Amino acid sequence: MEQKRHGASREQWRGIAFIVLLILQWSRASAQIRYSIAEEVKEGTVVGNIAKDLGLETNALKERGCRIVEGSTESFFHVNQNDGILYVGRIIDREKVCERSSVCLINLKTVLENPLEIHYVTVEVLDVNDHSPSFSTKESRLEISESVLPGLRLHLQAAPNDHFRLEVKDRGKDGKIPILVLLKTLDREKKKSHKLLLTAIDGGKPSKSGTTQLFVDVLDVNDNMPVFNEETYSVRLEENAPIGTTIIQVNASDLDEGSNGEIIYSLGKNVNSRIRELFRVDSNTGEIIVQDLIDFESEESYQIDIQASDKGSAPLRTDKSVSVNIVDLNDNTPQIEVTSFSRAIPEDARLGTTVALISVFDKDSGLNGKVICSFNEDVPFTLSPSTQDNMYSIVTKSPLDREKQSIYDVTIVAKDAGVPSLSSEKGITIVISDVNDNSPEFSASPYTYYVTENNSPGASLFSVRASDHDEGDNSRILYHMLRDGKENTKINSFNLNINSDNGDIMALKIFDFETLKTFQFHVVASDSGTPSLSSNVTVNVFILDQNDNAPVILYPVSSNGSAEGVEEIPRNVNAGHLVTKVRAYDADIGYNGWLLFSLQEVTDHSLFGLDRYTGQIRTLRSFTETDEAEHKLVILVKDNGNVSLSATATVIVKLVEPKEAFAASDVKSSAKADEENNVTFYLMITLGSVSALFLISIIVLIAMQCSKSTDYTSKYLQEPNYDGTLCHSIQYRSGDKRYMLVGPRMSIGSTIVPGSHANTLVLPDRRRTSEEER
């Protein structure tokens, strides 16, 4: 039974030992390492093995740069990087390091690098009784009036006798202070002076002691304390008062005589160091004088304790508090701080939108600290005071337009209400972000282009351009044609296409002036904003003629379709007889359709002549018997284009000799001449009528143009009919230019519009356009 109990007890001890071991291991891993050494030990004394106690590998200490980092600039310890032992670096004086602290601890940090580790080590410095108690002086002297009542307590170094008792007051870290207590009234006539020996013994082993002599002189009775003339003292002082300024003069009196009644002034013993830096007291006059800068923002008032003491052998003192209230001056400029700021604000922001929040503060008080903010420039923003003091919000006060101004450099001026007023400035930059509020604008409206017929299919003919005052995607423009109505048919007939990116327009088919002289279509420019904005423009296209049609012979024409004919005339006709007239037609207009006739081949140049404008063939002389009976005339008909095109006609003239034939020929010639004359007459009448109608149309058109604003849409006059030999003319207006397609009687040296390929003359327009009037 006893053996069983013994075995159970052993198991319990093993469990306890295991738990203790775990606690020790955990303490090592988690708690600080703490060592203890005595003060004043020699340099090189071993404190402890840090590597061993921290479980560090000794061979890695040097590689990882093991070192000690202390909290102060002084270094009392160092570690050996080879073995991890902590040594004392220099002698430690506990009284200097920890002064009066009951426990002296030096905290160290052990630092290892790569990887970084920090371990904390605490070294307690133990006190050694290496100092004897000492007094500040070897001897001291006290003066006590004989009139002092028993119970007086003096904080001084003394020893007890019949008249005194010594009490010791423990003040913790400040040590123990002996208090001398007066037990009974002193009698100077019995004993003028008391000599005491005060001994102090410490508790060390072995103990040490120190002594001081205390002399107590009994003085004559000084039983009146100084009395200040005023019950309370209060004064106002402006901040930043010059050094040397007298704040106030206090005055105290003493009823005693001699030195017991002479008073000196000083600051009270409880006055803090800051007041002693700012003020001083004249010991003789009691004036309180400024001796450093006074700042209202640092302190608004001061309580200065003034002590009035007489010069008696046992001085009596009276304390009085002087209240000094600092008057604030406006010596601090307002400070501006931007607390919240939107770097960009959209141009369509509503009125009252907050752009930024600013706070202002002034260290001064009252009106000196009252700040009013404003802008230095005329900007579309205003400063709105917040519900909180000294808070403002910058809000929009008028509509914004990025296209007029995209950046505002705003200067905020903060001005206080002091006299004189102080102010400060702060600049901020407000960026206006773009919104899609501008439609594309074309560079012209309408566009008018002149395109020569027979263009190259697929080549760019012309282009339209639009711009957008917005930026980014809001200004990226895409083009397309508006395909509707009658213009759609014309556009489709030529397969007009537009480059959506740059506005270049091309045609996939060839223009033919003879088929179409002008057409109109619309182009739409849309930006890429959201939502997209667009605008359209009218494009007027005029086809310019090229000499691409050769003359066509209308007469003579044979039965097989060739330009060949036979004319019979009698031999007895006179000179100037009309043989025949060659008629031709050219589908071109202007110079390209102006036809000229010439004899390319003739058997006898002396017999026949050809009018170059009308194509009439007449005899130049009478025929003789020697003239041949048949003559061949080849007539060349050509236009006046830059590259002239031509056609030929052949006329066979046969001379008939029988009298019957002569008679028939005379009748035929006469009838033919009459017919020609009639045709010429009718043609002249027709031309006169057409010209009159043309002039009337021109006058009406000019009157209509003068009665309304200039219309850039092209207006055409009806093309008059003409036969093959009479070249016609067409007049029309395009924009601010007036054009005329010339006829045969115009001078070839007339001015030609550039690009018209010698087809068009410019007529002077005496009417001023609306643009010129503006």
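Procedures and definitions
Residues numbered from 1 in each chain as written. Predicted model: local features only at pLDDT ≥ 70, side-chain atom pairs only at ≥ 80, totals over all residues. Heavy atoms only, no water. Helix = DSSP H or I, 4+ residues; strand = E, 2+ residues; numbered from the N terminus. Buried < 20%, exposed > 50% of the residue type's maximum accessible area, 1.4 Å probe, protein only. Contact = heavy atoms within 4.5 Å. Areas by Shrake-Rupley, 256 points an atom, 1.4 Å probe, with all protein chains shown as cover. Core = buried A, V, L, I, M, F, W, Y, C linked by side-chain atoms within 4.5 Å. Pairing = 2+ DSSP bridges. Axes fitted to C-alpha atoms, helices over the stretch in contact; angles between N-to-C directions. pLDDT = per-residue confidence, 0-100. Phe/Tyr/Trp six-rings, centres within 6.5 Å; stacked < 30°, edge-to-face > 60°. Lys NZ or Arg CZ within 6 Å of the ring centre and 35° of its normal. Patch = residues over 30% accessible without salt bridge, like charges linked within 9 Å, V, L, I, M, F, W, Y side chains within 5 Å. Salt bridge = Lys/Arg side-chain N within 4 Å of Asp/Glu carboxyl O.

Observations concerning the overall build of the protein chain
Here comes step 1: Of the regular secondary structure elements, the protein chain holds seven helices and 52 strands.
Here comes step 2: Residues classed as buried in the protein chain amount to 39% of the 774 residues present.
Here comes step 3: Long-range pairs, those at least 24 residues apart, make up 64% of the contacts in the protein chain with a sequence separation of at least 6.
Here comes step 4: Of the roughly 43800 Å² of accessible surface on the protein chain, 51% is carried by carbon and sulfur atoms.

With respect to the nonpolar core
Here comes step 1: Judged by nonpolar contacts, the single largest core of 28 residues is most densely connected at Leu 237, Ile 247, Phe 279, Ile 288, Ile 304, Ile 306 and Val 324.
Here comes step 2: Listed by contribution, the elements that provide at least two residues to this core are strand S15 (233-238), strand S16 (246-249), strand S18 (263-267), helix H4 (273-278), strand S19 (279-281), strand S20 (287-290), strand S21 (301-310) and strand S22 (317-327).
Here comes step 3: Per-element tally for this core: the top contributor is S21, with four residues.
Here comes step 4: Other than its neighbours up to four places away in sequence, Phe 279 contacts Leu 237, Ile 247, Leu 267, Ile 288, Ile 289, Val 290, Gln 291, Ile 294, Tyr 302 and Ile 304.

Concerning the sheet that holds strand S37 (residues 504-507)
Here comes step 1: The antiparallel open sheet is built from three strands, whose spatial order is S33-S37-S36. Edge strands, defined here as strands with exactly one partner in the open sheet, are strand S33 (460-463) and strand S36 (496-498). The sheet shows a mean angle of 30° between the axes of neighbouring strands, taken without regard to direction.
Here comes step 2: Judged from the three bridges that link them, S36 and S37 form a sheet pairing that is antiparallel. Note that in S37 the partner of Asn 497 across the bridge is Met 506.

Quick word on the pairing of strand S39 (residues 534-544)
Here comes step 1: Among the 11 residues in S39, nine count as buried, and that is most of the element.
Here comes step 2: Sheet topology places strand S32 (residues 447-452) next to S39; six bridges connect them, and they run parallel. Residue pairing across strands places Tyr 449 opposite Val 541, the latter belonging to S39.
Here comes step 3: Bridge analysis of strand S38 (residues 518-527) against S39 gives nine bridges, and the strand direction is antiparallel. Bridged to Val 523 within S39 is Val 537.
Here comes step 4: What sits between the antiparallel neighbours S38 and S39 is a turn of six residues.

Here we look at the confidence of the model for the protein chain
Here comes step 1: Residues with a pLDDT of 70 or more make up 76% of the protein chain, whose mean pLDDT is 78.
Here comes step 2: Here residues 708-774 is modelled with pLDDT under 50, and outside its nearest four sequence neighbours on either side it reaches 149 contacts, counting other chains as well.

Remarks on the packing of aromatic side chains
Here comes step 1: Applying the stated criterion to the full structure yields 12 aromatic pairs.
Here comes step 2: Judged by centre distance (6.5 Å) and plane angle (20°), the ring pair of Phe 462 and Phe 521 falls under stacked. Residue Phe 462 is found in strand S33, and its partner Phe 521 is found in strand S38; the two are separated by 59 residues along the sequence. Residues Phe 462 and Phe 521 agree in their burial class; the two are buried.
Here comes step 3: Three or more aromatic residues link up through ring pairs in this structure, and these residues are Phe 442, Tyr 447, Tyr 449, Phe 462, Phe 511, Phe 519 and Phe 521.
Here comes step 4: Directly above the aromatic system of Phe 513 lies the positively charged group of Lys 517, at a separation of 4.7 Å from the ring centroid.

Some remarks on a nonpolar patch on the surface
Here comes step 1: A cluster of nonpolar side chains, contributed by Val 552, Leu 554, Tyr 555 and Tyr 585, occupies part of the molecular surface with about 340 Å² of accessible area.
Here comes step 2: Tracing the sequence through the fold places Leu 554 in strand S40 (residues 552-555).
Here comes step 3: A residue is classified by how much of its surface remains accessible, and Leu 554, at 47% relative accessible area, is partly exposed.

Structural notes on the environment of Ser 342
Here comes step 1: Tracing the sequence through the fold places Ser 342 in the loop between strand S23 (335-341) and strand S24 (344-346).
Here comes step 2: Between the alpha carbons of Ser 342 and Thr 354 there is a distance of 8.4 Å; along the sequence they are 12 residues apart.
Here comes step 3: Not counting the four nearest positions on each side in its chain, Ser 342 is found in contact with Thr 354 and Val 355.

Section: the sheet that holds S16
Here comes step 1: Read across the sheet, three strands follow the order S16-S20-S19 without closing on themselves; strand pairing throughout is antiparallel. A single partner strand is all that each edge strand has here, and the edge strands are S16 and S19. Across the sheet, the mean angle from the axis of one strand to that of its neighbour is 20°, orientation sign disregarded.
Here comes step 2: Sheet topology places S19 next to S20; three bridges connect them, and they run antiparallel. Its bridge partner lying in S20, Val 281 is registered against Ile 288.

Section: the side chain of Thr 318
Here comes step 1: Mapped onto the fold, Thr 318 is located in strand S22.
Here comes step 2: What makes Thr 318 buried here is its relative accessible area of 17%.
Here comes step 3: Ignoring anything within four residues of it in the chain, the contact list for Thr 318 reads Met 225, Pro 226, Phe 228, Ile 306, Gln 307 and Ala 308.

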